[in-house]
Amino acid sequence: MPKSRGLSFIIIALVSVAVLFIGSSMMDSGGGAFAEIPDGVYEGTSDAGMHPGLKVAVTFEGGSITNVEVVEHSETDGISDPAIEGVPAAIVAANSTEVDVVSGATLTSNAIIEAVNNAIAVASGNAPAVEYADGTYEGTSDKGMNPGLKVTVTVEGGKITSVEVIEHSETDGIADPAIEGVPAAIVEAGSPNVDVVSGATMTSEAIMDAVQKALSGETGEEEPAEEEPAVEEPDLANVPDGTYEGVSDAGMHAGLRVAVTVEGGKITSVEVVEHSETDGIADPAIEGVPAAIVEANSTIVDVVSGATYTSDAIMEATRLALAAAAEGGASDEPAEPVAYVDGTYEGVSDAGMHAGLKVAVTVEGGVITNVEVVEHSETDGISDPAIEGVPAAIVEAGSPNVDVVSGATYTSDAIIEAVSLALEGAVAEGEAATPAEAGSYADGTYEGVSDAGMHAGLKVSVTVEGGVITSVEVVEHSETDGISDPAIEGVPAAIVAANSTEVDVVSGATYTSDAIIEAVSLALEGAQ
């Protein structure tokens with residue numbers, strides 16, 4: 001046998017003996033170190049992975065590690081799998097954390113090793129024990145299926161004696177095993193670091209997180225909970241009879257709207273007319289809280305368990321509706337009736353589900369006699385009750401201050417706003433300065449320009465002879481052909497006939513009519 005080959009065999013033999021000796025020493029060292037650890041399962045956590053929070057459960061029996069399991073992690077599936085499967089097995093086989101990392105999953109491997117070392121530190125008593133001050137603490141977590149899971153944790157004699165989930169919006173049935181099992185497991189372990197319940201992982205994690213938050217920082221004297229500011233109730237004595245709306249964003253989703261009816265200083269009805277809350281979960285609050293408010297004649301009532309956010313939103317929306325009504329109705333002086341100038345007026349609103357709802361409002365004898373929606377893009381069927389009902393209500397009330405139609409709030413608001421805008425012209429016209437008496441204009445031809453039309457720059461030429469307006473001509477404009485034609489032809493003739501600018505606008509061409517009237521008024525200022 002060649003010398004080089006013989007030398008190789010000798011080197012291999014020496015290396016083998018060294019490896020066996022080192023491995024035996026490590027095993028002995030491990031067994032000796034773990035001999036003082038009581039049999040049981042201990043948890044450890046590490047943030048050394050690709051993502052924080054990798055958690056392991058380590059089982060000790062007879063001074064040896066008999067099992068290592070990764071019970072929680074956010075590592076990348078596929079990439080981390082070889083480490084999650086291989087490193088725990090290697091640790092058990094070696095009875096030590098001095099094992100190789102898995103190539104391609106180094107960070108996950110290191111996190112598992114670190115988490116096991118942390119579990120060993122806890123099990124061997126090298127980690128400081130947590131002592132809690134006696135008292136009852138609350139904690140809230142948003143880690144569940146829905147935010148706002150709240151727990152109360154009771155500590156007696158430095159130990160956790162009770163954990164109770166007092167508020168949550170988790171799914172009934174699915175979350176029940178976690179809500180029943182995790183608190184009991186925390187009490188038994190004396191720690192929030194327990195296993196999740198299979199099938200209810202997110203609820204389990206939310207409970208543990210809430211307990212951890214409740215206990216965090218509570219190792220000294222218990223501090224009294226900060227008092228929430230008192231809710232100011234509206235004074236119902238200042239709320240006139242009627243139905244009022246209020247909107248709250250305090251729910252799971254923004255925009256919960258209620259309609260509140262007050263009669264004789266008492267809340268007689270509360271109805272949720274619009275919301276985006278979760279069907280099923282929010283239903284008990286939507287049905288129960290309004291009834292409770294009516295029964296208590298107060299906006300401060302108990303929330304519905306499992307639907308706290310929706311409950312709070314209903315109460316807040318009701319409060320806001322009543323507060324606005326009280327502020328508007330606190331005066332003992334009755335409002336002055338509004339006198340409108342006869343004519344037909346148009347108004348447009350973008351407050352609906354779609355922009356451009358247009359109304360025509362007719363005033364006769366100073367009273368609103370007709371309101372008609374002449375143009376809209378609202379949803380057929382849904383908007384129909386508002387399009388039919390709100391105009392009739394405005395005519396009956398003689399005012400645009402009327403109730404919205406339940407289920408068609410946006411369309412109702414758009415009609416009301418459009419009518420209000422239309423009537424602004426009727427009020428403004430009535431409050432205008434009294435025109436000069438016939439025969440008081442100086443003879444001549446005068447020009448005036450108005451930007452009140454659909455487009456700016458409408459110009460008129462006005463001729464006065466013998467103190468009387470004898471001609472009005474629109475000499476320049478950018479109004480829409482066809483739509484504006486009736487106003488351009490009719491309004492000048494009406495001004496000449498009345499010898500005044502106090503004439504009706506042409507229905508369907510309100511803006512052009514207003515522009516002609518304004519331009520003539522400006523022109524006649526030079527004829528005074």
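Rules used throughout
Residues numbered from 1 in each chain as written. Predicted model: local features only at pLDDT ≥ 70, side-chain atom pairs only at ≥ 80, totals over all residues. Heavy atoms only, no water. 1 Å grid on protein atoms, 1.4 Å probe; cavity = no way out; pocket = protein on both sides within 12 Å on 5 of 7 lines; lining within 4 Å. Points joined across faces, edges and corners; volume = space filled by probe spheres on them. Nonpolar A, V, L, I, M, F, W, Y, C, P; charged D, E, K, R; others polar. Helix = DSSP H or I, 4+ residues; strand = E, 2+ residues; numbered from the N terminus. Buried < 20%, exposed > 50% of the residue type's maximum accessible area, 1.4 Å probe, protein only. Phe/Tyr/Trp six-rings, centres within 6.5 Å; stacked < 30°, edge-to-face > 60°. Polar contact = N/O pair within 3.5 Å; in protein donor to acceptor, adjacent residues only side chain to side chain. Contact = heavy atoms within 4.5 Å. Pairing = 2+ DSSP bridges. Axes fitted to C-alpha atoms, helices over the stretch in contact; angles between N-to-C directions. Parallel < 35°, antiparallel > 145°, perpendicular 65-115°, else oblique. Left-handed = near helix turned anticlockwise from the far one by under 90°. Core = buried A, V, L, I, M, F, W, Y, C linked by side-chain atoms within 4.5 Å. Expected span 1.5 Å × (residues − 1). Salt bridge = Lys/Arg side-chain N within 4 Å of Asp/Glu carboxyl O.

## Section: empty space enclosed by the protein
Then step 1. Inspection of the entire model under this criterion finds one cavity of 30 Å³ or more.
Then step 2. Within this model, the largest cavity holds a volume of roughly 70 Å³.
Then step 3. Lining the largest cavity, in full, are N146, S169, M252, T278, I281, A282, A307, T308, Y309 and T310.
Then step 4. Of the residues assigned to the lining of the largest cavity, the class counts are five nonpolar, five polar and no charged.

## Some remarks on unusual backbone geometry
Then step 1. Not every positive phi belongs to a glycine, and N95 is a case in point at roughly 50 degrees.
Then step 2. Within the secondary structure, N95 sits in the loop between helix 2 (81-94) and helix 3 (106-123).
Then step 3. With a phi angle near 50 degrees, N499 is a residue other than glycine that sits in the positive phi range.
Then step 4. Following the sequence through the fold, N499 ends up in the loop between helix 10 (485-498) and helix 11 (510-525).
Then step 5. According to the relative accessible area criterion, N499 is buried, its value standing at 10%.

## Section: the packing of aromatic side chains
By convention here, two paired aromatic rings are described through the distance between centres and the angle between planes.
Then step 1. In this structure the tally under the stated criterion is two aromatic pairs.
Then step 2. Plain terms: the ring middles of F34 and F60 are 5.5 Å apart, the flat faces sit at 65 degrees to each other, and that makes the pair edge-to-face. With a gap of 26 residues between them, F34 in helix 1 (residues 3-34) and F60 in strand 2 (residues 54-61) connect regions that are remote in the sequence. Both residues of the pair, F34 and F60, belong to the buried class.
Then step 3. With a centroid separation of 5.8 Å and an interplanar angle of 65 degrees, the aromatic rings of Y42 and F60 are classed as edge-to-face. Taken together, the positions of Y42 in strand 1 (residues 40-46) and F60 in strand 2 put the pair 18 residues apart, joining distant regions of the chain.

## Describing the side chain of S248
Then step 1. Note that S248 resides in strand 7 (residues 242-248).
Then step 2. One polar contact links the side chain of S248 to the main-chain amide nitrogen of A250, over a distance of 3.0 Å.
Then step 3. Discounting chain neighbours no more than four positions away, the residues touching S248 are A254, G255, L256, A313, E316 and A317.

## Describing the sheet that holds strand 6 (residues 159-167)
Then step 1. An order of 4-5-6 is seen for the three strands of this open sheet, with the pairing classed as antiparallel. Strands at the two margins of the open sheet, each flanked by one partner only, are strand 4 (135-141) and strand 6. Recorded for the sheet is a direction-independent mean angle of 25 degrees between the axes of neighbouring strands.
Then step 2. Bridge count for strand 4 against strand 5 (residues 149-156) is seven bridges, and the pairing is antiparallel. Within the sheet, the bridge partner assigned to G139 lies in strand 5 and is V151.
Then step 3. Lying on the sheet, helix 5 (residues 201-215) is in contact with strand 4, strand 5 and strand 6; it crosses strand 5 at an angle near 50 degrees.

## Overview of the sheet that holds strand 7
Then step 1. Here we have three strands laid out as an open sheet, ordered 7-8-9, and antiparallel in their pairing. Since the sheet does not close on itself, it has two edges, and those belong to strand 7 and strand 9 (266-274), each with one partner. On average, adjacent strands in this sheet sit at an angle of 25 degrees to one another, irrespective of strand direction.
Then step 2. Here seven bridges tie strand 7 to strand 8 (residues 256-263), and the two strands are oriented antiparallel to one another. Directly across from V247, in strand 8, lies its bridge partner R257.

## As for the packing of helix 4 (residues 176-189) against helix 5
A pair of packed helices can be characterised by two numbers: the angle between their axes and the separation between those axes.
Then step 1. One can describe the packing of helix 4 onto helix 5 by two numbers: an axis separation of 9 Å at closest approach and a directional angle of 40 degrees. By the angle between their directions, the pair helix 4 and helix 5 is classed as oblique. Along this stretch, helix 4 crosses helix 5, giving a crossing that reads as right-handed. Across the interface between the two elements, A178, I179, V182, P183 and I186 of helix 4 pack against T203, S204, I207, M208 and V211 of helix 5.

## Considerations on the nonpolar core
Then step 1. Judged by nonpolar contacts, the single largest core of 26 residues is most densely connected at F60, I91 and I112.
Then step 2. Among the elements of the structure, strand 2, strand 3 (64-72), helix 2 and helix 3 are those that each provide at least two residues to this core.
Then step 3. At eight residues, helix 3 tops the list of elements feeding residues into this core.
Then step 4. Apart from the residues lying within four places of it in its own chain, the contact partners of F60 are F34, I37, P38, D39, G40, Y42, I65, T66, I120 and A123.
Then step 5. With 25 residues, the next largest nonpolar core counts V262, I293, A317 and A321 among its residues.

## With respect to helix 11
Then step 1. Taking 1.5 Å of rise per residue, the 16 residues of helix 11 would be expected to cover 22 Å, and the 23 Å separating its terminal C-alpha atoms lies within 8% of that figure.
Then step 2. When we look at burial in helix 11, the residues that qualify are T510, T512, S513, A515, I516, I517, A519, V520, A523 and L524.
Then step 3. Taken together, the buried residues of helix 11 touch strand 10 (343-349), strand 13 (444-450), strand 14 (458-465), strand 15 (468-476) and helix 10.

## As for the pattern of salt bridges
Then step 1. Using the criterion set out here, one finds twelve salt bridges in the structure.
Then step 2. A salt bridge links K213 to D209; the nearest nitrogen and oxygen atoms lie 3.3 Å apart. Remark: D209 and K213 occur in helix 5; sequence separation between them is four residues, near one turn of the helix.
Then step 3. Residue K213 is classed as partly exposed on the basis of its relative accessible area of 43%.
Then step 4. Between R257 and E274 there is a salt bridge, with the nearest N and O atoms lying 3.7 Å from each other. Residue R257 is found in strand 8, and its partner E274 is found in strand 9; the two are separated by 17 residues along the sequence.
Then step 5. One salt-bridge network, held together by shared partners, links E245, R257, E274 and D413.

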